[in-house]
Amino acid sequence: MRVGKVKVDSKLGVILSASMVALAISGCSGKNNESEASPSPSGTASSSASPSASAASPEASKAADPSEKFVDVSWYIRKPIDTIKDQDAIEAEVNKGLKETVNANLHIHFIDAASWEDKMKLMSASGDEYDLVFTSNWTNPIDLNVQKGAFLPLDDLLKQYGQDILAKVDERAWKAVTYNGKIMAIPSQSPFSTPGGIVFKKDLVTKYNFDYTKVHKLQELEPYLEMIKKNEPEITPLLVTKTVNAPGDYVFDNTNITKGIRYDELAGKAVMELDIPAFLDNYRTMNDYYKKGYVAKDAAIKTDFIAEAKSGKYAVMRDSGGYTADGSKSTALFGYPTVESLAYYPTIATPNMVGAATAISVTSKNPERAMQLLNQVWKDKKLSNTLAYGLEGKNYTVKSGAGTDSPSIEAKSGAEQTWAIWHNWLGPLWDQWDSGWNSTASLEQMQKNNMEAKTSSILGFLFNGEAVKTEIAQVSAVYSELWPIMQTGSMPDFDKFLADMKQRLNEAGLDKVLAEVQKQIDAWKAQNQ
């Protein structure tokens, strides 16, 4: 069965992630960043209904028909680590099973990060044949590939051969990979909403018998910050830097669209973030904290948040990588005992759903077999974990549960690590074996977070900034200059600074960006709601 290219409406498009550190490490946990407008025209994501697992052919999960021709299936993936050495042995092991189940041979093509984007663009432009490929909102972007006609629509393939995929993908995620009513990639299981935490040095909250569990937002920190300022001259009460904002600095019910613009979930319209009362209240608070000496005088020029946090010279800071109830993540990262309070669950928006996905190339000679193989990865825990961790005895050792489908293992790390593919790059993250990458408990917490977080009312909408790319660049330049001062509260007069920043942004064309965002949202709603 060959599926034709999907026609894409270039008037609406998608948004690329501003920076994507977290999703590369969702295999070892992470968090999503805010998103920026795509500079290129692309397809319109649609919120059509997800395919039904029950509609899939029962033959999809059966072993391959022996009469089928044995084929090679290629899978292009951005190289996860630089020390990969055991590919031949690992592929030989997984291909033993794939020969029996889908009558195919898998070969993974790892492309170095530095050349990954250019390589995939060149292959697409040249019409090179390949089968499976890693895609996302941050690298080898799904929207640009759809716009170029590089990916196959997958609806029919999923119904016929993707039964196990359909049973495991979060139904909400299909909206983020659907363009003009056609599914163009398989969204991975990932932490769509990583809760934010307020991190406290444990020795200090113990010393002052402070009930940190009752603190959930920036303004509630003041009594403790005042206490630290008064009694701990060697400690800076609050850590904030040029690049990382203060803990508890979050605005609910406002979803990021592009720099300076958010979607007001309650009002149902796009707004400038500097017009959001709760947003301004946070930065008035930061200015007050700065003036009272709770924030370092040079906070606006500090760039290495992790180094500052590890110094142990701050009483309170935000989490790095997501909230943990026992403070274990920040304790491990910062190098001293910490405790945390839960600040917020971010609203799940479209970019959160496509931090990792897999597509089938329009040039694939065997798209049916490619889908069968991918479905087997989602179905078979041993297969997906072998592809991720490598071989027992060589790349990992079993600590407990040997012989079961859910052992606890210890994967090699550092210089000894010669194999890794992050589970969410393969697809089924929740099937990951317990390890130092993610414990079973942390995987369960990620799933809980996904279910408890709110979902944006415009899930499936992605902004295309092509029509206002000049204004977006100008707005970004203003933010680059002024935002460190706003974020750290390090201005002498808040109201004057705010008025000046608004004027600069209007001169840069933020009003035009707002109008374009609203125009696209209106068109999207007309088509999808």
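Residues numbered from 1 in each chain as written. Predicted model: local features only at pLDDT ≥ 70, side-chain atom pairs only at ≥ 80, totals over all residues. Heavy atoms only, no water.

What about the overall build of the chain?
- Within the chain, the regular secondary structure consists of 18 helices and 18 strands.
- Counting only residues that meet the buried cut, the chain has 59% of its 529 residues in that class.
- Summed over its atoms, the accessible surface of the chain is roughly 21,500 Å², and 50% of this surface lies on carbon and sulfur atoms. (Helix = DSSP H or I, 4+ residues; strand = E, 2+ residues; numbered from the N terminus. Buried < 20%, exposed > 50% of the residue type's maximum accessible area, 1.4 Å probe, protein only. Areas by Shrake-Rupley, 256 points an atom, 1.4 Å probe, with all protein chains shown as cover.)

Comments concerning the confidence of the model for the chain
- Of all residues in the chain, 87% have pLDDT values of 70 or greater, and the mean over the chain is 88.
- Contacts from residues 1-44, a stretch scored under 50 in pLDDT, to residues over four places away or in other chains number 176 contacts.
- This stretch, residues 54-62, has a pLDDT under 50; its non-local contacts, to residues over four places away or in other chains, come to 18 contacts. (pLDDT = per-residue confidence, 0-100. Contact = heavy atoms within 4.5 Å.)

Thoughts on the sheet that holds strand β10 (residues 236-238)
- Pairing in this open sheet of four strands is mixed, and the strands run β10-β14-β9-β15 from one edge to the other. Of all the strands in the sheet, just β10 and β15 (338-344) have a single pairing partner and so form its edges. For this sheet, the mean inter-axis angle between neighbouring strands, taken without regard to orientation, is 20°.
- Of the strand pairs in this sheet, strand β9 (residues 196-201) and strand β14 (residues 314-318) are connected by three bridges, and their pairing is antiparallel. By the bridge assignment for β14, Ile-198 is matched with Arg-318. (Pairing = 2+ DSSP bridges. Axes fitted to C-alpha atoms, helices over the stretch in contact; angles between N-to-C directions.)

Here's the deal with unusual backbone geometry
- At Asn-103, a position not held by glycine, the phi torsion is positive, near 55°.
- Here Asn-103 lies in the loop between α1 (87-101) and β4 (104-111).

Considering the packing of helix α12 (residues 367-379) against helix α13 (residues 381-389)
- Direction vectors running N to C along α12 and α13 enclose 95°, while the axes themselves pass 5 Å from each other. Looking at the two axes, α12 sits roughly perpendicular to α13. Here α12 contributes Gln-376, Val-377 and Lys-379 to the contact with α13, which in turn contributes Lys-381, Leu-383, Ser-384 and Leu-387.
- A per-class count over the contact of α12 with α13 returns three nonpolar, two polar and two charged. (Parallel < 35°, antiparallel > 145°, perpendicular 65-115°, else oblique. Nonpolar A, V, L, I, M, F, W, Y, C, P; charged D, E, K, R; others polar.)

A word on the pattern of salt bridges
- The full count for this structure, using the stated rule, is 21 salt bridges.
- As a salt-bridge pair, Glu-129 and Lys-365 come within 3.7 Å of each other at their nearest N and O atoms. In this pair, Glu-129 sits in the loop between α2 (113-126) and β5 (132-135) while Lys-365 sits in the loop between β16 (357-360) and α12, placing the two residues 236 residues apart along the sequence. Each member of the pair, Glu-129 as well as Lys-365, carries the same accessibility label: exposed. (Salt bridge = Lys/Arg side-chain N within 4 Å of Asp/Glu carboxyl O.)

Focus on the sheet that holds strand β12 (residues 261-264)
- Strand order in the open sheet formed by three strands is β11-β12-β13, and the pairing between neighbours is antiparallel. Of all the strands in the sheet, the pair left with one neighbour each is β11 (254-258) and β13 (269-272). Across the sheet, the axes of successive neighbouring strands diverge by a mean angle of 40°, strand direction being ignored.
- Here four bridges tie β11 to β12, and the two strands are oriented antiparallel to one another.

Observations regarding the environment of Pro-484
- For Pro-484, the position within the fold is in helix α16 (residues 469-488).
- The spacing of Pro-484 and Thr-241 is 243 residues in sequence and 7.5 Å in space, taken between C-alpha atoms.
- Excluding residues that lie within four positions of it along the chain, Pro-484 makes contacts with Lys-242, Ala-300, Tyr-479 and Ser-490.

Considering helix α17 (residues 494-508)
- If you check α17, its first and last C-alpha atoms are 21 Å apart, about what 15 residues at 1.5 Å a residue would give, namely 21 Å.
- Along α17, the residues classified as buried are Phe-494, Phe-497, Leu-498, Met-501, Leu-505 and Ala-508. An end-on view of α17 places all buried positions within 100° of arc, on one side of the element. Opposite the buried face of α17, at more than 90 degrees from it, the exposed residues are Lys-496 and Glu-507.
- Among the structural elements, α8 (277-291), α16 and α18 (510-528) are those in contact with the buried residues of α17.
- At the N-terminal boundary of α17, the capping side chain belongs to Asp-493, with an oxygen 3.2 Å from the backbone nitrogen of Asp-495.
- In the segment just after α17, Gly-509 is the residue with positive phi, at about 105°. (Expected span 1.5 Å × (residues − 1). Arc of directions from axis to C-beta. Polar contact = N/O pair within 3.5 Å; in protein donor to acceptor, adjacent residues only side chain to side chain.)

Side note on the side chain of Asn-137
- Mapped onto the fold, Asn-137 is located in the loop between β5 and α3 (142-147).
- For Asn-137, a relative accessible area of 4% corresponds to the buried category.
- A polar contact is formed between the side chain of Asn-137 and the backbone oxygen of Pro-351, at a distance of 3.1 Å.

A short note on the packing of aromatic side chains
- If you walk through the whole model with that rule in mind, you get 24 aromatic pairs.
- Centroid distance Phe-279 to Trp-483: 5.8 Å. Interplanar angle 25°. Geometry classified as stacked. Residue Phe-279 is found in helix α8, and its partner Trp-483 is found in helix α16; the two are separated by 204 residues along the sequence.
- On the basis of relative accessibility, which here comes to 2%, the residue Phe-279 falls in the buried class.
- Overall, the relative accessible area of 16% leaves Trp-483 in the buried class.
- Residues Tyr-389 and Trp-437 carry aromatic rings whose centres are separated by 4.5 Å and whose planes lie at 40° to one another, so their mutual orientation is tilted. Pair noted here: Tyr-389 is in helix α13 and Trp-437 is in the loop between α14 (423-426) and α15 (440-452), with a separation of 48 residues, a long-range link. Per residue, the accessibility class of Tyr-389 equals that of Trp-437, and both read buried.
- Pairwise contacts between aromatic rings join Tyr-389, Tyr-396, Trp-422, Trp-433 and Trp-437 into one cluster.
- One residue, Lys-201, lies across the ring of Tyr-336, its end atom 5.3 Å from the ring centre.
- One residue, Lys-297, lies across the ring of Tyr-290, its end atom 4.9 Å from the ring centre. (Phe/Tyr/Trp six-rings, centres within 6.5 Å; stacked < 30°, edge-to-face > 60°. Lys NZ or Arg CZ within 6 Å of the ring centre and 35° of its normal.)

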